[in-house]
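Observations on the model geometry
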Amino acid sequence: MPDFPPSDSRTGTFTGTPGDGSTPAADRPLHEPLPATVVKVLRDRGVAPETLVASTCTDIDLVGRYRELWLVVTADRLLVVSHDEATAVDLDMAIRAAEEYRTQGGVGAGLLQARVNGSWVDVLRYSNRRAYRFEKLARRLDRHAQGEPLEVLPDDGVDPRRCPRCGLLREGGGGGCPRCVNRGAVLLRMWGLMGPYRGAATGMMLLLVVGIALDLVSPQLTRFLVDNVLPGSPAEAAALQAAPGQAAANIQLLLQVVLILATVQVLRMGVNLINGRLSSRIGTAITFDMRGRLVGHLQRLSVGYYDRQQVGSLVGRVAYDTESLHGFVHQLTGGFLLQVLMLIGVGIMMFVTDWRLALFTLIPAPFVVTGTVIFWRHIYPRNYRAWDSSSKQAGLLAGLLSGIRVVKAFGQEDREFERFGRASQRLRDTRMGVELASATFNPSMGVIFQLGGWIVWYVGGRDVIGGRLTLGELMAFFGYLWMFYGPLATLPQFTNWLTTFVTQAHRVFEILDTPAQIREAERPIHLAEMRGEIEFDRVSFGYQRHTPVLRDLSLTIRPGELLGVVGHSGSGKTTLVNLLCRFYDVDEGCIRIDGVDVRELAREDLHGRVGVVLQEPFLFRGSVWDNLAYGRPGATPEEVIAATRAANAHDFILRQAHAYDTWVGERGAGLSGGERQRVGIARVLLIDPRILVLDEATSSVDTESEAAIQAALAEVVRGRTTIAIAHRLSTLRHAHRIIVMDAGRILESGTHAELLAQDGTYARMVRMQQGVSTGGSVDALHVQLQAERAAQQAAEEITRGSLPPLRGHEPRWLTPDVARVHLGTYETLHVTIRDERIYGGVFALRCLPVRYPAEFISLRYPQPDGHDVEVGLIRRLEDWPVDAQRLIRASLTRRYFVHTIEALHRIELANNYLTFDVDTDLGPQRFTMRWQTDRALEYGSNGRMLLDTDENRYLIPDVMKLPTHERHLFQRYIYW
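Each chain carries its own residue numbering, running from 1 in the direction its sequence is written. Given that this is a predicted model, residues contribute local features only at a pLDDT of at least 70 and side-chain atom pairs are listed and counted only at 80 or more, while totals for whole chains, interfaces and linings are drawn from all residues. Calculation of side-chain values draws on the structure's entire complement of heavy atoms; hydrogens and water are dropped beforehand.

**What about the side chain of Arg-678?**
Along the chain, Arg-678 turns up in helix α24 (residues 673-686). As used in this structure description, the phrase polar contact means that two N or O atoms lie within 3.5 Å; if the pair is within protein, one of them must be able to donate a hydrogen and the other to accept it, and residues adjacent in sequence are counted only when both atoms belong to side chains. Of note is the side chain of Arg-678, whose polar atom sits 3.0 Å from the backbone oxygen of Asn-648. Strands are runs of DSSP state E lasting at least 2 residues, helices are runs of H or I lasting at least 4, and numbering of each runs from the N terminus.

This is how it looks when you write it as structure tokens:
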């Protein structure tokens, strides 16, 4: 039991204003010292403080008023005591009088409830800042009500999601605190990013100083020219003409001054050239590095982060906001730093030339600085709004284009256009505010700058007339004056850039400062062999903080077991998969694989041995082959083909234009839903996972495909631990065990037959799907199940084995020893298989026409129903006799009509159409194609397949191997 301090009215009293969100109130443990008045009331009830198991307070009452209410728990009693003007006991009940305890999340607050005699009773209410401790206590009370000992640990009330330093509730399960992270100034952080380029940056700044020094030479040359070379009046000019020797000397001086000026300007050009090249190189490199860091960090963030973010906004930050880093490097070489150093250097030269005129020059400076401060304060927040509006517009457009089929299906084009118009209007208005402020500020600053020039003109002219200042010195000073006002004149533009830069850099650093919620252990555990045992140990989890999806769930799945999971939508089925794969981490409890917590398991072991077929398959833009081999880029064609055959995908892939090398669009555009699902299944099977998760894996396929996939999966799951989530209960009849989930708990568990015998939720779901009436339906189903039990037992015996996962799905590889290719009736291609039969009317297809045009050739024959069946595959055509090679190549020629471009002569663009004059392997050709991306498809790594307006195909196998002038001509128009 906890040791409480002596009772004192000042000890443990409710400090601070209720609801102020102070850190101590948010993270006080469940063993809080009680106020003296509460202790007195408890003693009057016969409850001694030393017998308490837990004591904690809440900040609001059941009707939502701020009040201090204390929850006091003993080994067998639960009391709620109000602590205000009249301390009283509001509730006193035996803990085991309730069958169950829970917390119920609401809007901004929650309830601790107890189920008594089948009804939920509100014990107390709490605001969300105290939710964690009551959620924890509710689970302790619930376990005690189920017969377990009541034990409250000292740290049960300390929310690990809160920062121990500042108390901020961090997103996810911890990580760094975004408030406490030492961000430093944006400019300093940017300087830190230049670490690998400090040498080049230092060189740039040295060149910058050299360039400024060269700029300061020109006014001095002007002074010398006016005072010592050029005549100052007509009388001096006449005197100079009268002395030919002096005129020749002056002309010689003039030539020298011009040569010096030219040398200075050439040197200045060289400095600018070197600095510009260094700036471009460093700026591009830093932008490249930052984009890589951003994408790398985005991939480390959990799925929960993307649940809260717009993908379009994140794309904008990576693609566009990182360009601000390039501007930062430019500011070092030709922007802010240049202007600052120029001001310093010119200021020194002005004071050296004439300190009184220099002081007059500084008169506009306070007005400029004041105006700049005002500009910063007003424009800075407007830039935030403008960039936010831009991101929201991009996010809205991304969602609109992604869901264009839904928009068109419901005829909502006008509505979506109006939504986009409103977003564009917000962007226009916010951008207009920024532009109008800039347009007002810049002319105002120009007038202020002129004020200093007017003063210098008057005072300097008066000093020249008075003989105190030479005309050359005044002209030099004017040169320095405009060089001094130049940087000041660019100060508003710099301020505008700085507001934009800080805004964009903040958006970039905001991503980098987001802590990764799913972090790999410092010393991850590697499993040499994974048996596939899965244990959910009292797992609780919610996507929203106070709305749990899984509640204290415990489940053990044996190695090699096929577990079916059913339940209505929202019951927590998919959440099991998300937690097992560590898309999210549990809030409480743990998940173990072979006795190892998944949070301690090496990431490559977890994701390399747990295969997931999601309900909505996602395919990347690229070839079918790339999508299939995504988990195993080094897979051999034999392994890929075996996996696709197991997933019933091989045949439909060969029907595509380029078979496995066929390109698909975003999200698998070009394939049907069932075809995408089968590619997704094959992709998972290819990594040969020890644990297989099927999340509605057959929900997107037709009945025929579902039956074929189920037959394949029945053999594929052998030796694997399999979790199959399904709404079609017929697919789970042969599962070893089926669990029925409801509200995050396991409601029922057993085999198909056992659950039907229980006549519970599962039986009702079966009757609904089969259309069986309530009366006597279970008995009727039992009769049917008797015949299935033998098959069930046989399936169990198969699953206990450890046969190769894709055994039985390898294609038949034809060799000249077992097969003969020849011509039959009417010159049709025939294949005779030794000791089997003759297949007539055979045709050939390439599996990988881009990668292996003369390998992996499928020989097929048509059936009367329109489908074709594969006779077998040829690994390498060159291994066959010459006659067989000739016949197969002739068959391939009849299936593929493609022009191979050998020379490009001319490409003309007119009205968004391209007209080509080319030489091909079939002779000279002239064709026209639309000038758009889907008419020039990628073909291998560097090839392009061009489709003309009649869908004829023209192939450039490798653009980089074209002659230089032809490659430049092609890439002028086909640049994507």
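**With respect to the pairing of strand β17 (residues 721-725)**
In this scheme, a residue with accessible area under 20% of its type's maximum is buried, one over 50% is exposed, and one in between is partly exposed, where area comes from a 1.4 Å probe on protein chains only. For β17, the buried fraction is high: 5 of the 5 residues fall into the buried class. Neither face of β17 is left uncovered, since the one carrying Thr-721, Ile-723 and Ile-725 and the one carrying Thr-722 and Ala-724 both have all their residues buried. We treat two strands as partners when DSSP finds at least two bridges between them. Sheet topology places strand β10 (residues 562-566) next to β17; 4 bridges connect them, and they run parallel. From the neighbouring strand, Leu-563 faces β17, where its bridge partner is Ile-723. Pairing between strand β16 (residues 691-695) and β17: 5 bridges, direction parallel. Bridging from a neighbouring strand, Leu-692 pairs with Thr-722 of β17.

**Quick word on the sheet that holds strand β25 (residues 868-876)**
The sheet built from 3 strands is open, its strands ordered β23-β24-β25 with antiparallel pairing. This sheet does not close on itself; its edge strands, each paired only once, are β23 (843-846) and β25. This sheet shows a mean twist of 30° between the axes of neighbouring strands, independent of strand direction. Where β23 meets strand β24 (residues 855-862), 4 bridges bridge the pair, whose relative direction is antiparallel. Looking at the pairing, Phe-843 lines up with Arg-860 of β24. Sitting on the sheet, helix α29 (residues 882-895) touches β23, β24 and β25, and the angle it makes with β23 is about 70°. For every element, the axis is a line fit to its C-alpha atoms; helices are fit only across the contacting stretch, and the angle between N-to-C directions ranges from 0 to 180 degrees. Only heavy atoms matter for contacts: two residues are in contact if any of them lie within 4.5 Å across the pair.

**Overview of the packing of aromatic side chains**
Stacked, edge-to-face and tilted are the three classes for Phe, Tyr and Trp ring pairs, Trp counted by its six-membered ring, which pair at centre distances within 6.5 Å; planes under 30 degrees apart are stacked, over 60 edge-to-face, the rest tilted. A complete count under the given rule lists 10 aromatic pairs for this structure. Considering the side-chain rings of Phe-541 and Tyr-584, the 5.5 Å spacing of their centres and the 55° angle between planes classify their relative orientation as tilted. Remark: Tyr-584 occurs in the loop between α19 (573-580) and β11 (588-593) and Phe-541 occurs in strand β8 (residues 534-541); sequence separation between them is 43 residues. In this structure, Phe-541 and Tyr-584 share a single accessibility class: buried. Taking 6.5 Å as the distance between ring centres and 85° as the angle between the ring planes, the aromatic pair formed by Trp-931 and Tyr-975 counts as edge-to-face. Of the two residues, Trp-931 sits in the loop between β28 (923-930) and β29 (936-939) while Tyr-975 sits in the segment after α30 (964-973), which places them 44 residues apart along the sequence. Put simply, the rings of Phe-618, Phe-620 and Tyr-630 touch in pairs and so form one group of aromatic residues. Each ring is checked for a lysine NZ or an arginine CZ that lies within 6 Å of its centre and within 35 degrees of its normal; such an atom marks a charge sitting over the ring. Its end group placed over the ring of Tyr-861, Arg-837 keeps NZ or CZ at 5.5 Å from the ring centre.

**Let's talk about the confidence of the model for the protein**
Detailed reading of the predicted coordinates is not advisable wherever pLDDT falls low. Model confidence for the protein is summarised by a mean pLDDT of 78, while 83% of its residues fall at 70 or above. Within a predicted model, pLDDT stands for the predictor's per-residue confidence, ranging from 0 to 100. Ranking the helices and strands of the protein by mean pLDDT puts strand β27 (residues 913-920) first, with 92, and helix α28 (residues 777-799) last, with 39. The model gives residues 1-27 a pLDDT under 50, and that stretch makes 45 contacts with residues more than four places away or in other chains. Low pLDDT (under 50) marks residues 772-805, which in the prediction has 44 contacts with non-local residues, meaning those over four places away or in another chain.

**Looking at α24**
Across its 14 residues, α24 extends 20 Å between first and last C-alpha, which sits within 8% of the 20 Å expected from 1.5 Å per residue. Judged by how many residues are buried, α24 sits mostly within the fold: 12 of 14 residues are covered. Asp-688, located one to two residues past α24, shows a positive phi value of around 55°. The length a helix should cover is 1.5 Å for every residue beyond the first.

**A few points about the pattern of salt bridges**
Here a salt bridge means any side-chain nitrogen of Lys or Arg lying within 4 Å of a carboxyl oxygen belonging to Asp or Glu. Counting across every chain of the model gives 43 salt bridges. Here Asp-868 ties to Arg-860 by a salt bridge, and the two come within 2.6 Å at their closest N and O atoms. By the burial criterion, Asp-868 is buried, and Arg-860 matches it. With a closest N to O distance of 2.8 Å, Arg-935 and Glu-951 form a salt bridge. Taken together, the positions of Arg-935 in the loop between β28 and β29 and Glu-951 in the loop between β30 (943-947) and β31 (953-956) put the pair 16 residues apart, joining distant regions of the chain. Each member of the salt-bridge network shares a partner with another, and the members are Arg-645, Asp-651, Arg-860, Asp-868 and Glu-870.

**Regarding unusual backbone geometry**
Here the phi dihedral of Asn-117 falls at roughly 55°; this positive angle occurs in a residue that is not glycine. One can find Asn-117 in the loop between β6 (109-116) and β7 (119-127). Looking at Asn-117, the relative accessible area reads 69%, which means it is exposed. Within the chain, Ala-743 stands out as a residue other than glycine whose phi angle is a positive 55°. Tracing the chain through its elements places Ala-743 in the loop between β18 (737-742) and β19 (745-750).

**Some points on a nonpolar patch on the surface**
Patches here: salt-bridge-free residues with over 30% relative accessible area, like charges joined within 9 Å, nonpolar side chains (Val, Leu, Ile, Met, Phe, Trp, Tyr) joined within 5 Å. Per-residue accessibility takes into account occlusion by the displayed protein chains alone, with areas from the Shrake-Rupley method and a 1.4 Å probe. The grouping of Ile-363, Phe-367, Val-447, Leu-451 and Trp-454 at the surface amounts to a nonpolar patch, some 480 Å² of accessible area in total. Looking at where Ile-363 falls in the secondary structure, it is placed in the loop between α13 (355-361) and α14 (365-402). Here Ile-363 falls in the partly exposed class, since its relative accessible area comes to 33%.

**So, helix α22 (residues 637-646)**
Since one α-helical turn is 3.6 residues long, residues separated by three or four positions face the same way. Burial analysis of α22 places 7 of its 10 residues in the buried class, which makes it a mostly covered element. Every buried residue of α22 is listed here: Pro-637, Val-640, Ile-641, Ala-642, Ala-643, Thr-644 and Ala-646. Following α22 by one or two positions, Asn-648 has its phi on the positive side, about 60°.

**Describing the sheet that holds β18**
Read from one edge of the open sheet, 6 strands run β13-β16-β17-β10-β18-β19, paired in mixed fashion. Edge positions in the open sheet fall to β13 (610-613) and β19, since each of these has one partner strand only. Neighbouring strand axes in the sheet, compared pairwise and without regard to direction, differ in orientation by 20° on average. The sheet contact formed by β13 and β16 spans 4 bridges and is parallel.

**Topic: the packing of α22 against α24**
Packed helices, taken two at a time, are described by the angle their axes make and the gap between the axes. The interhelical angle for the contact between α22 and α24, taken along N-to-C directions, is 130°, at an axis separation of 8 Å. The angle between α22 and α24 places the two elements in the oblique class. The hand of the α22/α24 crossing is right-handed. Contacts between α22 and α24 pair Glu-639, Val-640, Ala-643, Thr-644 and Ala-646 from the former with Ala-682, Leu-685 and Leu-686 from the latter. Side-chain classes follow a simple rule in which Ala, Val, Leu, Ile, Met, Phe, Trp, Tyr, Cys and Pro form the nonpolar group, Asp, Glu, Lys and Arg form the charged group, and the remainder, Gly included, forms the polar group. Along the lines of polarity and charge, the residues of the contact of α22 with α24 split into 6 nonpolar, 1 polar and 1 charged. Angle categories: roughly parallel below 35 degrees, roughly antiparallel above 145, roughly perpendicular from 65 to 115, and oblique for all the rest. Here is the rule for handedness: rotate from the far helix to the near one, and if that takes an anticlockwise turn smaller than a right angle the crossing is left-handed, while a clockwise turn gives right-handed.

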